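Chain by chain, the residues run as shown.
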Amino acid sequence: MQQNIIKYYEKITDDALRNLAQGKKFQFKARLTNRNLIMQSEDYLIQQYTKAGGTNIALIIDDLKKYKKAMTDMHKTAVKDYNNVLNSLKTVKDKQKLLDNYANRGIHGFTAKNGAHWNIETYSNMYFTHLSNQMVRQGQIEYLMLKNVDRVLISSHNGSCELCKPYEGRILTWEELEEAKLNGLFHVRCRHFILEAIENEV
C-alpha cells in the first residue's frame, strides 16, 4: 500500500511539473481528493490495527478522519503554491531556474507548526507511515490489556533518536508508558513498538 501511495503522489508531481513548464494550470483538487486511494489507505490501516490485536474500531475513527482531512486538504496549499510559481513565470527572465527550484523542493502540500514546508510526496508518505505504526501500537496495547498484561517491553532498533533512547529496551507499566509518550516516545517517524514483558525479563 505504501508503494502505491508514493507512486501516486510522485505521478501528481510529475504531471503538475509538466503542466507548469507549458504555462498551464493544474487541477490538484481532483487528484488530491482521490476517494479510492483514501478508502484503500483507510482499509489498510484498519487491517494493521486488527492484525495487531485491536478490536474496537471506534477508538481509531478520529485518527482515520484526521488522515482523510489532511490528505484532501493538501490541494489547497498545492494550488496556492503552484499558482504563485505559474504567475512568477510570466515575470522572471530565467524561467528554467524557477522551474528547477520548484521541481527540487517539490509541490508544497503542508506547513508544520514550526513553519517547515513539506511537499506532497514526503508528507503523504510520512503521515501514512506514522499512522500505520500508530495503528499497530494501538492494536498491541488493546491486545495486551485484554490479556491483563501489566508491564510492556519497548522494542529496540539501531539509530534511535534522543527522545526514544531512554525507553528503548525498557520494561514499563502502563502508567510509565503514558508518561514516556508525553516525553516523545512514539513521535512522528518513530519505529518503536510494544511487546509483552515476559516473566524472565521482568
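A quick note: this is a predicted structure, and the numbers were derived from the prediction, not measured.

Caption draft 1: Local environment of the overall build of the chain. Within the chain one finds seven helices and five strands. The N-to-C order of helical and strand elements in the chain reads α-α-α-α-α-β-β-α-β-β-α-β. Relative to the compact-globule value of 17 Å for 202 residues, the chain shows a C-alpha radius of gyration of 21 Å, a clear excess of over 25%. When its C-alpha atoms are laid out on the principal axes, the chain stretches across 70 × 35 × 25 Å. Put simply, the chain has 202 residues, and 40% of those count as buried. Pairs at least 24 apart in sequence give 66% of the contacts found in the chain among residues at least 6 apart.

Caption draft 2: Spatial organisation of the packing of helix α1 (residues 2-21) against helix α4 (residues 61-88). Between α1 and α4, whose axes approach to 12 Å, the crossing angle comes to 20°. Relative to α4, the element α1 lies roughly parallel. For the crossing formed where α1 meets α4, the hand is right-handed. Between α1 and α4, the contacting residues are Ile5, Tyr9, Ala16, Asn19 and Leu20 on the first element and Tyr67, Met71, Met74, Tyr82, Val85 and Leu86 on the second. Within the contact of α1 with α4, the residues separate by chemical class into ten nonpolar, one polar and no charged.

Caption draft 3: Structural view of the packing of α4 against helix α6 (residues 120-146). Between α4 and α6, the least distance of the axes is 11 Å, while the angle of their chain directions is 175°. Regarding the angle of α4 to α6, the classification is roughly antiparallel. When α4 is examined against α6, the residues Asp63, Lys66, Tyr67, Ala70, Met71 and Met74 are found in contact with a partner set consisting of Ile120, Tyr123, Ser124, Tyr127, Phe128, Leu131 and Met135. Of the residues belonging to the contact of α4 with α6, the class tally is ten nonpolar, one polar and two charged.

Caption draft 4: Highlighting the nonpolar core. Counting 34 residues, the largest nonpolar core has Tyr9, Phe28 and Met71 as the members making the most contacts within it. Looking at this core, the elements with two or more residues in it are α1, α2 (28-32), α3 (35-51), α4, α5 (95-105) and α6. The leading source of residues in this core is α4, at nine residues. Excluding residues that lie within four positions of it along the chain, Tyr9 makes contacts with Leu32, Leu37, Met71, Met74, Ile120, Glu121 and Ser124. Residues Ile141, Trp174, Leu185 and Cys190 belong to the second largest nonpolar core, which totals 15 residues.

Caption draft 5: The side chain of Thr72, seen in detail. Assignment of secondary structure puts Thr72 in helix α4. Within the structure, the side chain of Thr72 is placed 3.1 Å from the backbone oxygen of Lys69, a separation counted as a polar contact. Discounting residues that sit within four places of it in the chain, Thr72 has contacts with Leu32, Thr33 and Ile38.

Caption draft 6: Molecular detail of the pairing of strand β1 (residues 108-111). Bridge analysis of β1 against strand β2 (residues 117-119) gives three bridges, and the strand direction is antiparallel. When the bridges of β2 are listed, His108 appears paired with Asn119. Counted between consecutive antiparallel strands, the loop separating β1 from β2 contains five residues, among which Gly115 sits at a positive phi close to 90°.

Reading the values: rules and limits
Residues numbered from 1 in each chain as written. Predicted model: local features only at pLDDT ≥ 70, side-chain atom pairs only at ≥ 80, totals over all residues. Heavy atoms only, no water. Helix = DSSP H or I, 4+ residues; strand = E, 2+ residues; numbered from the N terminus. Rg over C-alpha atoms; globule rule 2.2 N^0.38 Å. Buried < 20%, exposed > 50% of the residue type's maximum accessible area, 1.4 Å probe, protein only. Contact = heavy atoms within 4.5 Å. Axes fitted to C-alpha atoms, helices over the stretch in contact; angles between N-to-C directions. Parallel < 35°, antiparallel > 145°, perpendicular 65-115°, else oblique. Left-handed = near helix turned anticlockwise from the far one by under 90°. Nonpolar A, V, L, I, M, F, W, Y, C, P; charged D, E, K, R; others polar. Core = buried A, V, L, I, M, F, W, Y, C linked by side-chain atoms within 4.5 Å. Polar contact = N/O pair within 3.5 Å; in protein donor to acceptor, adjacent residues only side chain to side chain. Pairing = 2+ DSSP bridges.

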